[in-house]
Structures are given as structure tokens and as C-alpha cells.
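A structural walkthrough
Listed here are the chains, written in short residue letters.
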Amino acid sequence: MGRPTLAVWKFASCDGCQLTLLDCEDELLALTGEIEIAHFLEASSAAGDGPYDVSLVEGSITTPADLDRIRHVRAVSRKLVTIGACATAGGIQALRDFADVEEFASVVYARPEYVATLARSTPIAAHVPVDFELRGCPIDRRQLLEVLAAHLADRTPDVPSHSVCFECKIRGNVCVMVARGTPCLGPITQAGCGAICPAYARGCYGCFGPSPAWGGGRPNTRGLLPWLDMTEGEAHRVLSTFNVTAFREGAPAEGRGDDAPQ
Amino acid sequence: MTHRNERTLTVGALARVEGEGALYVRVRGPDVEEVRLDIYEPPRFFEAFLRGRAHTEPPDITARICGICPVAYQMSACQAVEAACGVTVDGALGELRRLLYCGEWIESHALHIYLLHAPDFLGYPGAVELARDHRAAVERGLRLKKAGNALMEFLGGRAIHPVNVRVGGFYRTPAPAELAPLAETLREARADALATVEWAAGFEFPDFDHGHEFLALSADRYPLERGVVRGGTGRVFPAAEFERHVVEEQVPHSTALHARFTDGGRYLTGPLARYSLNRDRLSPLALEAADRAGLGAECRNPFRSILVRAVEVVYAADEALRLIAGYEPPARPAVPVPPREGTGHGVTEAPRGLLYHRYDLGPDGLIRAARIVPPTSQNQAAIEDDLRRFVAARLHLDDEALTRRCEQAIRNYDPCISCSTHFLDLTVERS
């Protein structure tokens with residue numbers, strides 16, 4: 001048997017999550033001894049047709065052509081792992097879901113009719129079955145290596161779903177909210193980053209999306225507001241960034257893409 | 001050999017660029033009728049959804065335009081917002097910003113040199129394949145890239161989308177003693193960068209010259225985080241006048257807008273422009289490396305951009321060490337930037353070229369309008385024109401060889417297609 005094959009795919013995104021794989025500078029050459037990178041256009045022009053043992057998918061679905069492409073990726077992948085806030089929650093480009101996309105296009109383009117775009121930016125799981133979702137904007141390098149290592153050992157990845165507060169305590173950070181009154185989304189945000197923001201004396205701004213420790217529902221941000229000392233507008237804006245559809249109250253129901261039956 | 005009047009050739013995916021695009025070439029007899037760099041990266045509408053956000057938000061939000069050069073977006077955004085609010089951030093805070101930017105140049109240039117572009121010169125599809133025969137070189141590249149990322153992680157909190165940048169400065173600034181281990185890493189990186197210049201100088205460069213005007217920042221130091229915009233023909237203007245000199249046009253085949261001078265001329269921004277207009281501002285060590293590599297007073301061959309990038313990595317490592325040695329901790333991590341109604345402009349040098357931002361703020365401090373002009377959209381017209389001339393001189397090549405050369409030629413510009421609105425399909429149509 002040969003080495004397992006890995007493919008990396010990009011949809012609407014900034015390249016940051018797939019760059020995380022190349023940012024494993026100490027592990028990259030060792031990793032390629034264990035896994036054959038069979039399709040990764042950011043890194044190599046040699047691309048086989050598959051099928052692939054694992055596909056890493058970055059980015060959200062925002063164009064009619066990408067709706068077809070993600071089905072192709074699923075068809076040629078034994079396991080499909082989504083990486084990053086765009087692929088798991090629609091990303092920042094999902095702000096269009098709450099606005100008029102034609103108006104958005106008219107602000108950026110003189111001839112919006114040349115641009116083919118969907119009214120919504122949807123996560124990969126809205127269109128095809130996904131085997132594992134790795135969160136973050138961007139994803140964390142250590143978590144990515146854990147997911148790949150877990151696959152090689154055929155076990156479940158050890159990616160915790162508790163909140164950033166746990167990581168803050170582990171890191172020994174002073175709570176920025178309690179000690180300084182700095183608004184912080186740590187209590188409602190999934191761990192994974194290592195509580196970087198509080199370590200740099202700022203509040204968490206929710207890169208990893210809501211923690212499922214909240215019972216699978218949306219976090220009670222309204223209940224948290226008095227603690228945060230934020231105006232409604234501020235709270236609304238801070239929740240409306242990289243994981244807007246996962247955080248925001250009144251967000252369109254998850255799992256419904258533009259291709260979903262009406 | 002079969003003779004056909006007309007043929008269309010599609011070659012899958014140009015790799016090793018950042019973003020999705022395609023190249024279309026139409027040839028009739030001896031004439032290249034059309035060359036189009038199609039950028040079909042899906043639009044993400046940043047300029048539209050920045051409206052209504054607070055003046056403090058652009059550094060975190062616009063960082064997400066690009067995972068490879070987020071600091072460029074953060075720096076241009078901060079500068080523009082601060083200008084709108086009438087605040088100047090200089091002194092130790094300004095120097096720390098320059099230090100962070102050095103980290104991004106090292107990381108991004110090392111990625112481009114070793115992982116994206118060098119495989120072309122040595123005949124490999126990618127760095128992993130290159131490492132089979134040139135392991136020490138690839139390991140040096142990864143070490144160099146890691147050093148850039150270490151600087152980004154130290155000062156920015158993380159390498160991709162740093163968290164420690166804010167309008168007015170930083171959330172937390174380091175104590176001088178914290179910088180010592182970083183200086184050791186950067187000294188090793190400087191030695192690796194010098195070896196990179198020597199390595200790349202041994203590549204074979206096709207004879208090809210760029211005829212467009214250069215556009216880069218100019219300042220008392222090699223341009224990075226501030227300066228006035230300078231053209232190669234004596235044109236000089238501040239960031240605030242950018243839109244008087246540059247217009248963007250939409251073309252049907254691209255989700256990236258094409259930029260031109262208002263007087264009609266195409267221009268090129270990026271390493272060739274920076275080097276040619278600011279060579280005398282390089283550090284003595286970087287200048288010496290440039291001389292040894294055979295780079296003259298200016299460099300107009302886009303294939304040699306890999307050499308200029310290598311020289312810029314020497315400079316960035318050298319400059320970072322100088323900034324660390326002279327570091328005096330600022331009195332406070334950030335200066336206050338109270339919002340006011342007004343318009344601000346920011347221009348900095350992303351690794352791949354000039355990056356312009358403009359924000360119009362309302363009296364409530366919320367953004368009314370935003371405009372972002374990334375380097376790849378500015379270079380797109382020049383890239384197409386260069387390819388037209390490049391293809392015209394190489395029509396004797398078969399489609400496969402021509403395609404390979406075109407892909408390499410495009411990678412010269414390190415196009416960041418995620419920025420400009422990834423993947424390149426090449427179609428050559430000959431009749």
C-alpha cells in the first residue's frame with residue numbers, strides 16, 4: 001500500500017487556512033514522507049485526478065460554478081475535512097446573507113452583471129456531507145497537524161469544544177473582562193487558538209465561532225450584554241464578522257444552501 | 001503533425017499563485033490577437049460590508065482579504081483611518097509597525113521564492129518534489145519562512161491574521177528583553193537570505209524587459225510602511241492624491257478591476273519598482289548582495305524579480321535587526337484615535353506592491369465608504385501586456401512549452417488573486 005493521498009481545495013477565502021499547512025515548516029517535509037500531497041495547487045502544479053484519501057477544503061460556496069465543484073470534490077474524496085471559518089460557517093463574505101447582494105455588487109463593480117455570484121455565502125456542509133469540521137479564522141497549525149495525525153492513526157481528532165476561557169486559564173492570562181472591563185467573546189467562543197487575544201491584552205473577537213458547549217444552540221449573547229458593557233450596535237458588529245452566520249441571532253437556518261429545495 | 005485551422009488548448013490550473021484565475025491566448029498566424037488574464041476568484045465584497053463598521057474595525061476585517069499578506073492590509077487600513085482622524089503614529093510605535101512588516105516581507109517572499117517560483121527555474125512541479133533533489137535549499141527556505149512567521153507571531157500574536165494590531169498602534173508592546181531570542185533567529189535568517197541571493201543568482205533568466213512605468217513608495221528609508229508615491233517619470237504624490245492619478249476599470253473577463261494612470265498609461269508596482277526607484281536606500285549589506293547578484297541600477301526583467309525578492313529578504317532581516325537593536329519601549333501601546341468626520345488615505349508596500357486604502361468616516365465614527373486597491377489589480381494590465389509580447393516572441397514553441405513559459409511569466413509577478421478579488425487555466429487558441 002502507498003502513502004495515503006491528500007488533496008487541498010480552495011473556494012471563496014483568503015488562502016490563509018491552506019497556507020497553515022505550508023506554515024508547518026518543521027513538519028512539512030516529514031509530513032510529506034507520511035502523506036502524499038496529490039493535489040494542492042497553491043504548492044504544486046502536479047495534480048492527479050484522485051480519488052483522494054483526505055480532502056481539506058477551504059472557503060465557502062458563493063458562485064454557481066462552485067456548487068458543481070464542491071460536489072466533484074466530495075465524489076473524489078474518501079474523507080472530507082473543512083478547514084476554517086469560511087468553509088465551516090460561510091466566512092466574513094456571509095455578511096451578504098443579511099444584505100442585498102446586488103446592492104453589494106453595485107458598490108464594488110461598475111458592471112455588476114459581469115460578476116456571477118450567489119445571494120448567500122454558505123458553508124460546505126450545506127451542500128455535501130462533511131466528515132470533520134476544523135474551525136478558526138485562521139485554523140490553528142497544531143490542530144491541523146492533530147487532524148492529519150488522527151487520520152493516519154485512524155482515530156478521532158482530539159479537538160476540544162470547550163470555550164476560550166478554559167485556554168485562558170491554562171495559559172495563565174488575567175481575565176481581560178473581569179480585570180479591565182474589556183469586552184471579550186471568550187466565554188461563548190470555541191477554544192483552539194490558545195487564547196491569543198487575551199494574552200495580547202485584548203478581548204477575544206470570536207475567530208473560532210460559537211462553542212458547542214452551549215448545547216448546540218446559539219449562545220445567549222443578549223444575556224451576556226450587561227457584562228460586556230457594550231451598546232447593542234457594538235455587540236451586533238462584534239458578532240457579525242468571520243463567523244457571522246454561526247453567531248448572529250436571526251441568522252438564516254443552517255444547512256440551507258442556495259441549492260436547497262425551497 | 002496534423003494541420004488545423006483553429007485549435008483551442010486548455011491546460012489545467014496554473015499552480016503556485018495565490019488565488020484563482022485563467023490565461024487565455026488567441027493566436028492567428030504570426031499575430032497574438034488577444035491575451036487575457038482572467039481572474040475568476042469569487043468576489044467577497046469587502047468594500048461593501050465595511051460600510052457601517054466602526055473606525056476601529058478595518059485592521060481586523062481587511063486582514064481577512066489575504067492570508068499571505070494580512071499585515072499589509074492592517075498597515076494601510078490603520079494609516080488611512082488615522083489620517084481621517086488627524087492622528088499620526090510615529091516614534092517607537094511607528095518603528096514597531098515597520099518591524100512587524102519586516103516579518104511579513106520575510107515570510108511572504110520566502111514562500112514565493114522557495115515554494116512558488118524557484119521550482120520553475122529548476123524544472124520541478126513544486127517544492128516537495130524540489131526537496132527530493134535539493135533538500136538543503138528547501139530546508140533553508142522553510143527556515144527563512146519560519147523566521148518571518150516567528151516575528152509575526154511574536155509581535156502580531158499569530159502569523160496569519162495577527163491580532164495585536166490596532167488603529168493607533170498595538171494592544172500590547174514588548175519589553176526589550178523579550179526581543180533577544182528573536183534577534184538570534186533573525187541573524188540566522190539574514191545569513192539564509194544572503195545564501196538565497198547567491199542561490200537564485202545561479203538560475204537562468206530569459207531575456208525579457210519590462211517597458212512600463214514603475215510605481216512605488218519613496219521615503220528616507222527603503223519603502224515599507226510609509227512614504228509618498230513615486231513614479232519612474234518624475235511623478236510624485238501623497239497617498240491622499242492616489243485617486244487623482246490612478247483609475248480602476250472593470251473588464252468583462254475579470255472580477256479584479258484593472259488600474260491605470262488617469263493619463264492612460266499602464267504601470268508596474270512591486271519588487272522591480274521598489275528596487276529600481278529606491279536602490280540607494282537599501283542597507284549596505286543588501287546593496288552588496290544586489291551587486292554580487294548582478295542587479296544593476298534598475299531591474300526591468302520580471303524573471304529577475306525572484307532575485308530582487310531575495311535581496312529584499314536580506315534587507316528585511318537586516319532592518320528588523322536594526323529596529324530591534326534601537327528599540328525603546330513606547331510610553332503606551334497605542335495613541336488614542338478619537339473618530340471624526342472625514343476622509344483618510346493609506347498607502348504601504350505589500351510584498352507584491354502598493355496597497356491603497358481610503359475610508360470616509362461619518363460624524364458617528366462609522367465608515368460611510370471604503371476603497372481598497374490591491375497590487376495585483378494594479379499590475380494586471382501590465383502583466384497582460386508583458387504576456388502579449390512574451391508570447392509573440394515565442395510562437396515557435398509548441399503549446400505545452402509555451403504554456404509552461406507563460407505560467408512562469410505570470411508567477412514573476414507573484415499575483416495575489418485572493419487579494420484582487422486562484423488557479424490558472426490556460427487556453428491557447430491558434431488559427
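Since we're looking at a predicted model, the values are computed, not measured.

Right, let's talk about the overall build of chain A for a bit. Along chain A, the regular secondary structure elements total twelve helices and five strands. Expected size for 262 residues packed as a compact globule is a radius of gyration near 18 Å; at 19 Å, chain A falls within 12% of this value. Once the C-alpha set of chain A is aligned to its principal axes, its extents read approximately 55 × 50 × 30 Å. Sorting the 262 residues of chain A into buried and exposed places 59% on the buried side. Look at the contacts in chain A between residues 6 or more apart in sequence, and 73% of them connect residues 24 or more apart. Taking the 23 positively charged and 32 negatively charged side chains of chain A as two groups, their mean positions are separated by 4 Å.

Residue and element names in this part refer to chain B. Where helix α12 (residues 375–392) meets helix α13 (residues 399–411), the axes come as close as 11 Å, and the angle between the chain directions of the two elements is 150°. Here α13 runs roughly antiparallel to α12, going by the angle between their axes. Considering the relative orientation of α12 and α13, their crossing is right-handed. Here α12 contributes Leu-387, Phe-390 and Val-391 to the contact with α13, which in turn contributes Leu-402, Arg-405, Cys-406, Ala-409 and Ile-410.

Residues and elements named next belong to chain B. A sheet is described by the order of its strands in space; here four strands give the open sequence β8-β7-β6-β11, paired in mixed fashion. Because the sheet does not close on itself, it has two edges, and the strands there are β8 (236–237) and β11 (267–268). Here strand β6 (residues 213–218) pairs with strand β7 (residues 228–231) via four bridges, running antiparallel. Residue Leu-215 lies in a different strand from β7, and its bridge partner there is Gly-231. Against the sheet, helix α9 (residues 271–278) touches β6, β7 and β11, its axis set at about 70° to β6.

The next subject is the UniProt feature "binding site: Ni(2+)" (unreviewed entry) in chain B. All names here are of chain B. According to UniProt, the positions carrying the feature "binding site: Ni(2+)" (unreviewed entry) are Cys-66, Cys-69 and Cys-416. The annotated residues occupy 351 residues of the chain but converge on a single region, no pair of C-alpha atoms lying more than 9.1 Å apart. With respect to the helices and strands, the residue Cys-69 is situated in the loop between α2 (58–63) and α3 (70–84). Judged by relative accessible area, Cys-69 falls into the buried class, the value being 2%. Its place among the elements puts Cys-416 in the loop between α13 and α14 (417–420).

Turning next to the nonpolar core. In terms of nonpolar packing, the biggest core is built from 171 residues, with Leu-21 of chain A together with Phe-45, Leu-99 and Tyr-359 of chain B touching the most fellow members. Top element by residues in this core is helix α4 (residues 91–122) of chain B. It accounts for 16 residues. Residue assignment places this core across two domains, with domain 1 (5–152) and domain 2 (164–248) of chain A each supplying three or more. Excluding anything up to four places from it in sequence, Leu-99 of chain B contacts Leu-151, Leu-155, Leu-179, Ala-320, Leu-323 and Ile-324 of chain B. Counting 17 residues, the second-largest nonpolar core is a separate cluster that includes Val-176, Cys-184, Leu-224 and Leu-228 of chain A.

Looking now at the pattern of salt bridges. By the definition in use, this model includes 54 salt bridges over all chains. The partner of Lys-145 of chain B in a salt bridge is Glu-25 of chain A, and the shortest N-O contact between them spans 3.0 Å. Of this pair, Lys-145 of chain B sits in helix α6 (residues 135–156) while Glu-25 of chain A sits in the loop between α1 (16–22) and α2 (28–34), each in a different chain. Glu-25 of chain A shares its class with Lys-145 of chain B; the two are buried. Residue Asp-385 of chain B pairs with Arg-388 of chain B through a salt bridge whose shortest N-O separation is 3.1 Å.

Now for the sheet that holds strand β3 (residues 52–58) of chain A. Residues and elements named next belong to chain A. Strand order in the open sheet made by the five strands is β2-β1-β3-β4-β5, with parallel pairing throughout. Only two strands of the sheet have a single neighbouring strand rather than two, namely β2 (36–40) and β5 (132–134). The mean angle between the axes of side-by-side strands here comes to 25°, regardless of whether they run parallel or antiparallel. On top of the sheet, helix α3 (residues 64–75) reaches β1 (5–10), β3 and β4 (77–83); it is set at about 130° to β4, its chief contact.

Residue-level contacts link 69 residues of chain B with 58 residues of chain A. In this assembly, chain B packs against chain A so that about 5300 Å² is buried in total across both faces, 61% of it on carbon and sulfur atoms. Linking chain B to chain A there are seven salt bridges. Of the charged contacts in the structure, one is a salt bridge between Arg-202 of chain A and Asp-60 of chain B, with a shortest N-O distance of 2.7 Å.

Let's shift gears to the packing of aromatic side chains. Residue and element names in this part refer to chain B. Counted by the stated rule, this structure contains 15 aromatic pairs over all chains. Between the aromatic rings of Trp-105 and Tyr-222, the centroid separation amounts to 6.2 Å while the plane-to-plane angle is 90°, which identifies the pairing as edge-to-face. On the criterion of sequence distance, the pair formed by Trp-105 in helix α4 and Tyr-222 in the loop between β6 and β7 is long-range, its members being 117 residues apart. Taking 5.5 Å as the distance between ring centres and 65° as the angle between the ring planes, the aromatic pair formed by Phe-121 and Phe-205 counts as edge-to-face. Taken together, the residues Phe-121 in helix α4 and Phe-205 in the loop between α7 (180–201) and β6 connect sequence positions 84 residues apart.

In the numbering used here, UniProt assigns the feature "binding site: Mg(2+)" (unreviewed entry) to Glu-47, Ile-372 and His-422 of chain B. Looking at the secondary structure, you find Glu-47 of chain B in helix α1 (residues 46–49).

Let's shift gears to the environment of Thr-185 of chain B. Residues and elements named next belong to chain B. Position of Thr-185 among the secondary structure elements: in helix α7. A residue is classified by how much of its surface remains accessible, and Thr-185, at 30% relative accessible area, is partly exposed. Sequence separation between Thr-185 and Gln-74 is 111 residues; the distance between their C-alpha atoms is 24 Å.

Cut-off values and rules
Residues numbered from 1 in each chain as written. Chains lettered and ligands numbered in written order. Predicted model: local features only at pLDDT ≥ 70, side-chain atom pairs only at ≥ 80, totals over all residues. Heavy atoms only, no water. Helix = DSSP H or I, 4+ residues; strand = E, 2+ residues; numbered from the N terminus. Rg over C-alpha atoms; globule rule 2.2 N^0.38 Å. Buried < 20%, exposed > 50% of the residue type's maximum accessible area, 1.4 Å probe, protein only. Contact = heavy atoms within 4.5 Å. Lys, Arg positive; Asp, Glu negative; His and termini not counted. Charge placed at Lys NZ, Arg CZ, Asp CG, Glu CD. Axes fitted to C-alpha atoms, helices over the stretch in contact; angles between N-to-C directions. Parallel < 35°, antiparallel > 145°, perpendicular 65-115°, else oblique. Left-handed = near helix turned anticlockwise from the far one by under 90°. Pairing = 2+ DSSP bridges. UniProt positions renumbered as here; feature names shortened; annotations may be inferred. Core = buried A, V, L, I, M, F, W, Y, C linked by side-chain atoms within 4.5 Å. Domains from an automatic or database assignment. Salt bridge = Lys/Arg side-chain N within 4 Å of Asp/Glu carboxyl O. Buried area = accessible area lost by both parts, 1.4 Å probe. Phe/Tyr/Trp six-rings, centres within 6.5 Å; stacked < 30°, edge-to-face > 60°.

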